[in-house]
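As a plain string of letters, each chain reads:
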Amino acid sequence: MPPARCRRPLALQRVLFDRADGVVRAVSDTWKAEFAAAGASFVPFLGSDAPRNLPVQFRLRSAAVGGQALDLGRGMPEQVGTSVMIPHGSVREEYATSVAGIEQRFVFATLPQRSAVTVDIGVEGEFAVRAQDGAFVFEHALGSFRYGRA
């Protein structure tokens, strides 16, 4: 009898979603994430040798138009197709997912005036962050990921 061959598991061809207790979870081959009223937690796949998950939390702290702060509410996340929406009053935080990654966007239903828009995002995790080519690179001894510019 010939020796058995090890087969690599099939790669996910789409993002898989689950919802429980007001949290939307998503997973692909290279990342997983949780979306809650308070924001998102992103976990990059850092290889099978990684001893544990290394999540990075993204939290919308404030938004302003022309220096005027907007009231931010905390709504429950909702999956719409391959995206997850989190309502924050007049601002909607959106996460468009793909097998390769996630794109974070902010959509403003109304603006009190036409002026500069400022969004402050709190970021927490065990990664060092550095600016590179107009983006941010999150680095750890086990690997890295890129957060593109707006």
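Residues numbered from 1 in each chain as written. Predicted model: local features only at pLDDT ≥ 70, side-chain atom pairs only at ≥ 80, totals over all residues. Heavy atoms only, no water.

> Just to check I follow, could you spell out the sheet that holds strand β10 (residues 101-108) for this structure?
The strands that make up a sheet are held in pairs by hydrogen bonds between backbone atoms, and each pair lies either parallel or antiparallel. Strands sit in the order β7-β8-β9-β10 across an open sheet of four strands; the sheet is antiparallel. Each end of this open sheet is capped by a strand with a single partner; those strands are β7 (78-80) and β10. On average, each strand axis in the sheet is tilted by 25° relative to the strand beside it, whichever way the strands run. Two elements, strand β9 (residues 91-98) and β10, share eight bridges in a ladder whose sense is antiparallel. Pairing of Arg92 across the sheet is with Val107, part of β10. (Pairing = 2+ DSSP bridges. Helix = DSSP H or I, 4+ residues; strand = E, 2+ residues; numbered from the N terminus. Axes fitted to C-alpha atoms, helices over the stretch in contact; angles between N-to-C directions.)

> Looking at this structure, I do not really get the nonpolar core. What am I missing?
Core analysis: the biggest nonpolar cluster contains 18 residues, and Phe35 and Phe127 have the highest contact counts within it. Only β2 (23-27), β3 (31-36), β4 (39-44), β5 (56-65) and β8 (83-88) provide two or more residues apiece to this core. For this core, the element with the highest residue contribution is β3, accounting for three residues. Residues contacting Phe127, with those up to four places away along its chain left out, are Pro44, Leu46, Leu54, Val56, Phe138, Glu139, His140, Gly143 and Phe145. (Core = buried A, V, L, I, M, F, W, Y, C linked by side-chain atoms within 4.5 Å. Buried < 20%, exposed > 50% of the residue type's maximum accessible area, 1.4 Å probe, protein only. Contact = heavy atoms within 4.5 Å.)

> Hey, could you run me through the environment of Ala109 in this one?
With respect to the element layout, Ala109 can be found in the loop between β10 and β11 (117-124). A C-alpha to C-alpha distance of 5.3 Å links Ala109 and Ser90, two positions 19 residues apart in sequence.

> What is the right way to look at the sheet that holds strand β13 (residues 135-140) in this model?
Strand order across the open sheet formed by three strands is β12-β13-β14, with antiparallel pairing between neighbours. In the strand order of this sheet, the two ends are held by β12 (128-132) and β14 (143-147), each with one partner. On average, each strand axis in the sheet is inclined to that of its neighbour by 25°, with strand direction left out of account. Here five bridges tie β12 to β13, and the two strands are oriented antiparallel to one another. Residue pairing across strands places Gln132 opposite Ala135, the latter belonging to β13.

> I would appreciate a short explanation of a nonpolar patch on the surface in the present structure.
A surface patch of nonpolar side chains, amounting to about 190 Å² of accessible area, comprises Leu111, Val117 and Val119. Tracing the sequence through the fold places Leu111 in the loop between β10 and β11. For Leu111, a relative accessible area of 36% puts it in the partly exposed group. (Patch = residues over 30% accessible without salt bridge, like charges linked within 9 Å, V, L, I, M, F, W, Y side chains within 5 Å. Areas by Shrake-Rupley, 256 points an atom, 1.4 Å probe, with all protein chains shown as cover. Salt bridge = Lys/Arg side-chain N within 4 Å of Asp/Glu carboxyl O.)

> Sorry if this is basic, but what is going on with the environment of Gln57 here?
With respect to the helices and strands, Gln57 occurs in strand β5. For Gln57, the residues in contact, after removing those within four places along its chain, are Ala40, Ser41, Gly122, Val123 and Glu124.

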